[in-house]
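Below are the chains, spelled out letter by letter.
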Amino acid sequence: MSTDANKKQFWKRNAAKVPGSIQHVYGAQHPPFDPLLHANLIKAGNKPPPATPGKPKKATTFQEFESITSDAWDVGDDDDELLAMAAQNLNIEVVMETANKVIENHSKQQERQRQDDTAELEQRQEDTLEECVEDEEEDEEEEEDRIGEGDVTSPEVLFGSHSSPYTDGRLVKSHSEAPIGSPKDAAGEHAALHRQRSLPHRPPVIPLVARMADQNTSGTPAMTEREASRLDKFKQLLAGPNTDLEELRKLSWSGIPRQVRPITWKLLSGYLPANAERRDSVLQRKRQEYFGFIQQYYDSRNDEHHQDTYRQIHIDIPRMNPECLVLQPKVTEIFERILFIWAIRHPASGYVQGINDLVTPFFVVYVFEYIEEEVENFDVSSLQEEALRNIEADSFWCMSKLLDGIQDNYTFAQPGIQRKVKALEELVSRIDESVHRHMHHYEVEYLQFAFRWMNNLLMRELPLRCTIRLWDTYQAEPEGFSHFHLYVCAAFLVRWRKEILEERDFQGLMILLQNLPTMHWGNEEVSVLLAEAYRLKFAFADAPNHYKR
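The shown structure was predicted, so the numbers you read here are calculated from the model rather than taken from an experiment.

### Quick word on the nonpolar core
Formed by 113 residues in total, the largest nonpolar core has its most connected members in Met399 and Trp471. Filtering out sequence-adjacent residues up to four positions away, methionine 399 remains in contact with Ile338, Leu339, Trp342, Ile355, Leu358, Val359 and Phe362.

Set out below in structure tokens:
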């Protein structure tokens, strides 16, 4: 009996930390989809919330502990059981019959709609042709009347007023140039248009990188006088024998024009010297040094002590954005070399998920040194080999300069990120207590969403064009990536204040914070975000006690 009593007391004393308990793991990626978890969330959503959230009952005896943790090490069984249950509940014949009926009804409806559209289109074409003939006859009669009355017009003017496709400097297509296809072709085009309209609404495509310094969500506007003036200021500043880096930072804070962004980033990151005469020699030396590392280290990627690093890099690259760019084999090969060489030369941290995203802005910006069109549809392999080598080496060195300032984000246990997330929590509690209390009430921890904001520098939350605009300011701001980024994250969180306060449960808040609607953001939104971040920095950076309770 004494032995049993001792066992019971032993499990009581150690009930606070139970071996085998499931702990959350935070990382750069979204958590994996768990069918059982989502099923439970759906079921829970239909039930009224409990009056007071209670904590789970702790195990007080070994028997209770054993019953709680009996399935802690059963991996993969839940998914199999779920699929088996689904298979038992579904009758394949009924499913197939129902699906066939839906498809048949949809096809009939589409056919009826297509016939109606064809008839309507034919009628419109007939009406248009009749109107065109009537208009031409009326014009000829009026012209004959004018000639008969003595109003003689020169042949050049007559030709220009009647058949010239140019009017007031604009190209105008005349009726005779309009292609008139057969009713069958026109009906096919109209049906295709109808099918396109029946799909979910898709917003207009916005380029990944703005052509000019200013690009709003409405598209890429033409260069304004202000933009042209700013571009001239950049060119004058960069044309001097010794570039004034302090003046360049002031000018770059509000955004850098695309034409001069590559050289400006290289200067602000410290990759190139301010002296113009030394730049070519420095570029040549650094590029040769990088490819020397390739020859020295890259063949070791399949060695036993390096293969895990290379394998993780190879897995992470297809997950990056923009997908259309990194899925090109040539780009994948370049990114693998850059990341592997950096990991080998920085053993204190090695490769960590999240570093792979930081290559993309540099690579895209330096590609624009050699192309005019947008990068989304550009085949990188079509560039000359020398250009690709230059882009690769420049991207490596500039990424290395960036990571030198935030390497504690990626060392063991990532202490830099832990400190910044804690500072973000303290800052938000001071600048918007309602948001802070709301998230605390629904047990949302800042680490659960802000870890990725710090680890990826908001690259997963913003489109690439916005990230590049954001990095213009980070490059110009002292300690932009390591210090100013904290205030950008605080302003970014408070920007969604209304949406956050409308969510009334943990799941809704986490889904919102991990999928913020920034797809259509442009330079206007980023500029407002940066202005608010600068205001917060001005208020709190030199007075840390202001946001400490």
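Having put the structure on the table, let's press on.
### Some details on helix α23 (residues 506-514)
The periodicity of an α-helix, 3.6 residues per turn, causes residues three or four places apart in sequence to face the same way. Among the residues of α23, Gly508, Leu509, Met510, Leu512, Leu513 and Gln514 are the ones counted as buried. In this fold, the buried residues of α23 make contact with α18 (433-441), α19 (447-455), α21 (480-495) and α22 (497-502).

### Topic: the packing of helix α10 (residues 261-268) against helix α20 (residues 464-476)
A pair of packed helices is captured by two measures, namely the crossing angle of their axes and the spacing between those axes. At a minimum axis distance of 9 Å, the contact between α10 and α20 shows a crossing angle of 35°. As for how α10 packs across α20, the hand of that crossing is left-handed. Across the interface between the two elements, Arg261, Trp265 and Leu268 from α10 touch Ile468, Trp471, Asp472, Gln475 and Ala476 from α20. Looking at the contact of α10 with α20 residue by residue, the classes come out as 5 nonpolar, 1 polar and 2 charged.

### Structural notes on the environment of aspartate 505
Within the element layout of this structure, aspartate 505 appears in the loop between α22 and α23. Put simply, aspartate 505 and histidine 441 are 64 residues apart on the chain and 9.2 Å apart in space, counted from C-alpha to C-alpha. Polar side-chain contacts of aspartate 505 include one of 2.7 Å to the backbone nitrogen of glycine 508.

### Quick notes on the packing of aromatic side chains
Per the stated rule, a full pass over the model turns up 24 aromatic pairs. Plain terms: the ring middles of tryptophan 253 and tyrosine 534 are 5.7 Å apart, the flat faces sit at 80° to each other, and that makes the pair edge-to-face. Separated by 281 residues along the polypeptide, tryptophan 253 in the loop between α9 (245-252) and α10 and tyrosine 534 in helix α24 (residues 523-540) bring together distant segments of the chain. Since its relative accessible area comes to 41%, tyrosine 534 is described here as partly exposed. Arranged with centres 4.8 Å apart and planes meeting at 35°, the rings of tyrosine 290 and phenylalanine 396 form a pair that is tilted. Separated by 106 residues along the polypeptide, tyrosine 290 in helix α11 (residues 276-297) and phenylalanine 396 in helix α16 (residues 385-405) bring together distant segments of the chain. Classification of tyrosine 290 as buried rests on a relative accessible area of 0%. By way of ring pairs, the aromatic residues Trp253, Trp265, Phe362, Tyr366, Trp471, Tyr474, Phe481, Phe484 and Tyr534 are connected into one cluster. It is arginine 301 that lies over the ring of tyrosine 310; its NZ or CZ is 5.7 Å from the centre.

### Points about the confidence of the model for the protein
This prediction gives the protein a mean pLDDT of 75; 61% of its residues lie at or above 70. Between residues 37-59, whose pLDDT stays under 50, and residues either more than four places distant or in other chains, the model counts 9 contacts.

### Concerning the side chain of threonine 518
With respect to the helices and strands, threonine 518 occurs in the loop between α23 and α24. The residues touching threonine 518, leaving out its near neighbours within four places in the chain, are Glu461, Leu462, Pro463, Phe492 and Trp496.

### Observations regarding unusual backbone geometry
The phi angle at glutamine 414 is positive, at roughly 50°, despite the residue not being glycine. In this structure, glutamine 414 sits in the loop between α16 and α17 (415-431). Judged by relative accessible area, glutamine 414 falls into the buried class, the value being 15%. With a phi angle near 65°, leucine 458 is a residue other than glycine that sits in the positive phi range. With respect to the helices, strands and loops of the structure, leucine 458 is situated in the loop between α19 and α20. Residue leucine 458 is classed as buried on the basis of its relative accessible area of 0%.

### Quick word on helix α15 (residues 359-367)
Within α15, 9 of the 9 residues are buried, which leaves the element mostly enclosed by the surrounding structure. Burial in α15 covers these residues: Val359, Thr360, Pro361, Phe362, Phe363, Val364, Val365, Tyr366 and Val367.

### Focus: a negative patch on the surface
Among the surface-exposed residues, Asp299, Asp303, Glu304 and Asp308 lie close enough to one another that they form a single negatively charged patch. Here aspartate 299 shows up in the loop between α11 and α12 (307-316).

### Some words on the pattern of salt bridges
In this structure the tally under the stated criterion is 17 salt bridges. For arginine 497, the salt bridge is made with aspartate 432, and the minimal N-O distance between the two is 2.7 Å. Here the residue arginine 497 occupies a position in helix α22, and aspartate 432 occupies one in the loop between α17 and α18, the gap between them amounting to 65 residues. Residues arginine 437 and glutamate 433 are paired through a salt bridge, measuring 2.9 Å at the closest nitrogen-oxygen approach. Taken together, the residues span about one helical turn, with arginine 437 and glutamate 433 both in helix α18 at a distance of 4 residues. Residue arginine 437 is classed as exposed on the basis of its relative accessible area, which comes to 54%. The network of salt bridges with shared partners includes Lys266, Arg287, Glu369 and Asp394.

### Some remarks on the environment of lysine 537
Structurally, lysine 537 can be placed in helix α24. Accessibility expressed as a relative area gives 18% for lysine 537, which makes it buried. When the C-alpha atoms of lysine 537 and tyrosine 487 are compared, they prove to be 6.2 Å apart, with 50 residues separating the residues in sequence. In contact with lysine 537, not counting residues within four places along its chain, are Glu477, His483, Phe484, Tyr487 and Asp542. A polar side-chain atom of lysine 537 sits 2.2 Å from a polar atom in the side chain of glutamate 477.

### Side note on the environment of glutamate 532
By secondary structure assignment, the location of glutamate 532 is in helix α24. Judged by its relative accessible area of 30%, glutamate 532 is partly exposed. Put simply, glutamate 532 and alanine 490 are 42 residues apart on the chain and 9.2 Å apart in space, counted from C-alpha to C-alpha. A polar side-chain atom of glutamate 532 sits 2.5 Å from a polar atom in the side chain of arginine 535.

So, how was this worked out
Residues numbered from 1 in each chain as written. Predicted model: local features only at pLDDT ≥ 70, side-chain atom pairs only at ≥ 80, totals over all residues. Heavy atoms only, no water. Core = buried A, V, L, I, M, F, W, Y, C linked by side-chain atoms within 4.5 Å. Buried < 20%, exposed > 50% of the residue type's maximum accessible area, 1.4 Å probe, protein only. Contact = heavy atoms within 4.5 Å. Helix = DSSP H or I, 4+ residues; strand = E, 2+ residues; numbered from the N terminus. Axes fitted to C-alpha atoms, helices over the stretch in contact; angles between N-to-C directions. Left-handed = near helix turned anticlockwise from the far one by under 90°. Nonpolar A, V, L, I, M, F, W, Y, C, P; charged D, E, K, R; others polar. Polar contact = N/O pair within 3.5 Å; in protein donor to acceptor, adjacent residues only side chain to side chain. Phe/Tyr/Trp six-rings, centres within 6.5 Å; stacked < 30°, edge-to-face > 60°. Lys NZ or Arg CZ within 6 Å of the ring centre and 35° of its normal. pLDDT = per-residue confidence, 0-100. Patch = residues over 30% accessible without salt bridge, like charges linked within 9 Å, V, L, I, M, F, W, Y side chains within 5 Å. Areas by Shrake-Rupley, 256 points an atom, 1.4 Å probe, with all protein chains shown as cover. Salt bridge = Lys/Arg side-chain N within 4 Å of Asp/Glu carboxyl O. Lys, Arg positive; Asp, Glu negative; His and termini not counted. Charge placed at Lys NZ, Arg CZ, Asp CG, Glu CD.

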